Amino acid sequence: MREYLLTLCITAAVTYLLTGPVRKFAIVAGAMPEIRARDVHREPTPRLGGIAMFFGLCAGLLAADHLTNLGQLFERSNEPRALLSGAALIWLIGVLDDKFEIDALIKLGGQMIAAGVMVMQGLTILWLPVPGVGTVALTQWQGTLLTVALVVITINAVNFVDGLDGLAAGMVCIASAAFFMYAYRIWYSYGIEAAAPATLFAAILMGMCLGFLPHNMHPARIFMGDSGSMLIGLVLAAGAISITGQVDPDSLFGGSERSTVHQMVPVYIPLVMPLTIIAIPAADLILAIVRRTWRGQSPFAADRGHLHHRLLEIGHSHSRAVLIMYFWSALIAFGALAYSVNSASMWIVLGVVTLSTLGLVLLLLPRFTPRAPRWAEAFVPPRYRRRRTAPATAPDASTPADPESADGHRTPVAAGVSGVNGATAVGPRAHLADRSRSR
C-alpha cells in the first residue's frame, strides 16, 4: 500500500507543478479558442492541461518501476508499457486537437489505433465471467473488438462530460478511487497478482486528477482539453480491461466454472464494476447520441444538452452542478464497491436508497442555499455565510448634508463607500447633484 500511495503522491506532485508552466505555454502557443455557444465560461481559457497530466503519468510509471515490489510488476507484465504506448498516442492526438481543432472522425480513428496498440502489447480481454454460464473464453478477434469498443466508449464518455470546471477530473478521480479499493482488495485479499496492474493504473489516475484539480476548479485557470480528457479516459479503460479480462475467475474460488462464477458474483462483480465507474459519463454519452441522431445531427455535433448543462438550466449554480455530479458518481461507484464486499447486508441497500432520495431532493431545490452555523463560517466560502446587516443609524444634526468638509474642500466619496462621519454616496446621480450645487 505504501508504494501505491508514494506513486500516487509523485504523480500528483508532478502534475500539479507542471500545470502552471503548461498554462503559460498554452497562452504563448495560442491554444485559447474563442468562447463558443455551448461554453459556460465567459473568458477565453487556455487548454493543453493534458500535457501536465501526461508527464504526471510518465513520472508515476517511472517511480513505480524503481520501487521494490512494484518494480517486479514491470518484469512480469507488459501491461504498463502497453498503457504508456496507447496513452502517448492518444495524448498526441489530443494536443493536436486542442491546438488545431481536428475532425471528429480523425479523433475516432486515433482512439481506435491507440486501443489497437495496447491490444498488440497484451492489454486485452481474454475471457468474460458470465453469471450462470461460467468463464467464456474469447477468440482473438472477439477480445480485440471488445477491448477497442470499451476503450473508445470510455474515452468519449469522459470527453463528453468535460463541460464544467473540475467536472471530468473530479468524477474520474472518484471513480478511480473506488476502482483502486476494488482492485487492491482483489490483489491483497486473494493474493492474485494479475490484479496488480489495474491497482497501479488506478493509483496513477488518482494522482493525475488530484494534481490537476487545484488549477481546474471553478473558476478554472486552465482546461485539460481533449489531450487530458481522452488521456484519463484511456487510463480508466485500461484498468477496467486489465482486471476484467486478465484475472482468471477460477483463481478466487474452487469448484466448477459455473458454480465458481455464480458464487463470486457478489464479491468480484467482474462486469458490473467497470461499468459503474463510468455510469454517469456513459449515460450522458448515450443520451447525447440519441438526442443528436433524433434531430438529424451527427453524434459528434456539440450542443448544450448534456447533463451538466441541464443542471445549469434548472437553476443550479456552477459549483452546485459539479457537486451534484460528484455525488451521483460517488454513490454509484462506492455503492457497487460496498455491495461487492458484503452483498448480504441490507444496510448497504438502505443506505444507497437513502442517499439516492437525498440526491433527488437536492435536484429539486436548485435555488436553496445552505447556510453554515456561526461557528463554522470561517471555514466555508463566503456564499455559505449568513449575511450581517449593519444597524441603521439616524443622521447626526451636526453632520452636513453635503459631503464637504468645514474648510471648503470636498472629500471624494465613491459610490457605495462610506464617507465622512458615516455618510454614504447613493450613486453617480447623487455625485453629479453635489457637483452642481458646488458650482
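Described below are features of the structure shown in this document. In this text the structure is predicted, and so the values were computed from the model without any measurement. Throughout, residues of each chain are indexed from 1 in the direction in which the sequence is written. Local features are withheld for residues below a pLDDT of 70 in this predicted model, meaning they are given only at 70 or higher, and side-chain atom pairs are given and counted only at 80 or more; totals for whole chains, interfaces and linings count all residues. Calculated side-chain values reflect all of the structure's heavy atoms, with hydrogen atoms and water omitted.

## Concerning the overall build of the chain
Keep this limit in mind: Only DSSP runs of H or I reaching four residues or more are called helices, and only runs of E reaching two or more are called strands; each is numbered from the N terminus. Here, residues are in contact when the closest pair of their heavy atoms is within 4.5 Å. Computed by Shrake-Rupley with a 1.4 Å probe, the accessible areas treat only the displayed protein chains as cover when residues are assessed.
Of regular secondary structure, the chain possesses 16 helices and two strands. Counted over contacts in the chain with a minimum sequence separation of 6, partners at least 24 positions apart contribute 72%. Of the roughly 22,300 Å² that the chain leaves accessible, carbon and sulfur atoms contribute 65%.

## Examining the environment of Leu213
Assignment of secondary structure puts Leu213 in helix α8 (residues 196-216). Along the sequence, Leu213 and Phe223 sit ten residues apart, while their C-alpha atoms lie 9.9 Å from each other. In this view, Leu213 contacts Gly166, Ala169, Gly170 and Tyr326; residues no more than four positions away in its chain are not counted.

## Brief notes about the packing of helix α4 (residues 79-100) against helix α5 (residues 104-120)
Spelled out, the test is: Orientation is described by axes fitted as lines to C-alpha atoms, over the contacting stretch for helices, and by angles from 0 to 180 degrees between their N-to-C directions. In this scheme, roughly parallel covers angles under 35 degrees and roughly antiparallel covers those over 145, while 65 to 115 is roughly perpendicular and the rest are oblique. Helix crossings get a hand from a simple test, with the near helix turned counterclockwise from the far one by less than a right angle marking a left-handed crossing and a clockwise turn marking a right-handed one. We call Asp, Glu, Lys and Arg charged. Ala, Val, Leu, Ile, Met, Phe, Trp, Tyr, Cys and Pro are nonpolar, and the rest, Gly among them, are polar.
Here α4 crosses α5 at 165°, and the two axes come no closer than 8 Å. In terms of orientation, α4 and α5 fall into the roughly antiparallel class. Relative to α5, α4 is oriented so that their crossing is right-handed. Facing Ala82, Leu83, Ser85, Gly86, Leu89, Ile90, Ile93 and Asp97 of α4, the residues of α5 in contact are Lys107, Gly110, Gln111, Ile113, Ala114, Val117 and Met118. Taken together, the residues of the contact of α4 with α5 break down into nine nonpolar, four polar and two charged.

## Side note on helix α7 (residues 167-190)
Operational definition: In this scheme, a helix's expected span is set at 1.5 Å multiplied by one less than its residue total. For each residue, the accessible area found with a 1.4 Å probe, counting protein chains only, is set against the maximum for its type, and the residue is called buried under 20%, exposed over 50%, and partly exposed in between.
For α7, with 24 residues, the first-to-last C-alpha span of 34 Å sits near the 34 Å given by 1.5 Å per residue. Of all 24 residues that make up α7, 18 are buried, and the element is covered over most of its length. In the stretch just after α7, Gly191 is the one whose phi turns positive, near 70°.

## Considering the nonpolar core
Put simply, the rule is: In plain words, nonpolar cores are sets of buried Ala, Val, Leu, Ile, Met, Phe, Trp, Tyr and Cys residues tied together by side-chain atoms within 4.5 Å.
Judged by nonpolar contacts, the single largest core of 88 residues is most densely connected at Leu57, Leu200, Leu231 and Leu234. At 14 residues, α7 tops the list of elements feeding residues into this core. Discounting chain neighbours no more than four positions away, the residues touching Leu234 are Leu83, Gly86, Ala87, Ile90, Ala114, Met118, Val151 and Ile155.

## Details of unusual backbone geometry
In this model, Leu48 sits at a positive phi of 65°, which is unusual for a non-glycine residue. Structurally, Leu48 is set in the loop between α1 (2-29) and α2 (50-65). In this structure Leu48 comes out as buried when scored by relative accessible area, which is 4%. A positive phi angle, close to 55°, is found at Glu101, a residue other than glycine.

## A look at the environment of Leu89
Among the structural elements, Leu89 can be located in helix α4. Measuring from C-alpha to C-alpha, the distance between Leu89 and Gly110 comes to 7.7 Å, with 21 residues separating the pair along the chain.

## Regarding the environment of Val136
With respect to the helices and strands, Val136 occurs in strand β2 (residues 134-137). Using a relative accessible area of 32% as the deciding quantity, one classes Val136 as partly exposed. Residues Val136 and Leu126, spaced ten residues apart in sequence, show a C-alpha to C-alpha distance of 8.8 Å.

## Describing the side chain of Glu79
Filter applied, for reference: A positive count includes Lys and Arg, and a negative count includes Asp and Glu. His and the chain ends are not counted in either. Salt bridges are identified by distance alone: a Lys or Arg side-chain nitrogen within 4 Å of an Asp or Glu carboxyl oxygen. Two N or O atoms form a polar contact when they lie within 3.5 Å of each other; inside protein one atom must be a possible hydrogen donor and the other a possible acceptor, and for residues adjacent in sequence the pair counts only when both atoms belong to side chains.
Relative to the helices and strands, Glu79 is located in helix α4. No salt bridge is formed by the buried Glu79, whose closest oppositely charged neighbour, Arg81, lies at an N-O distance of 10 Å. Looking at Glu79, its side chain comes within polar contact range of the side chain of Ser242, at 2.7 Å.

## Considering a nonpolar patch on the surface
Here is the rule we go by: Only residues whose relative accessible area exceeds 30% and that form no salt bridge enter a patch; like-charged residues are grouped when within 9 Å of one another, and nonpolar side chains (Val, Leu, Ile, Met, Phe, Trp, Tyr) when within 5 Å.
Taken together, Met346, Trp347, Val349, Leu350 and Val353 make up a surface patch of nonpolar side chains, about 560 Å² in accessible area. When you line up the elements, Val349 lands in helix α15 (residues 346-364). Owing to a relative accessible area of 37%, Val349 belongs among the partly exposed residues under this scheme.

## Quick notes on the packing of α5 against helix α6 (residues 140-161)
The N-to-C vectors of α5 and α6 enclose an angle of 130°; their axes lie 9 Å apart at closest approach. Judged on the interaxial angle alone, α6 and α5 are oblique. Viewed along their axes, α5 and α6 form a crossing whose handedness is right-handed. Residue-level contacts link Lys107, Leu108, Gln111, Met112, Ala115, Gly116, Met118 and Val119 of α5 to Thr144, Thr147, Val148, Val151, Val152, Ile155, Asn156 and Asn159 of α6.

## Focus on the side chain of Thr19
Inspection of the secondary structure puts Thr19 in helix α1. Excluding residues that lie within four positions of it along the chain, Thr19 makes contacts with Ala52, Gly211, Phe212, His215 and Ile222.

## What about the pattern of salt bridges?
On inspection of all chains with the given rule, the structure shows three salt bridges. With a closest N to O distance of 3.1 Å, Glu101 and Arg47 form a salt bridge. On the criterion of sequence distance, the pair formed by Glu101 in the loop between α4 and α5 and Arg47 in the loop between α1 and α2 is long-range, its members being 54 residues apart. On the basis of relative accessible area, Glu101 is assigned to the partly exposed category, the value being 45%. Here Asp226 and Lys107 are joined by a salt bridge, their closest N and O atoms 2.8 Å apart.

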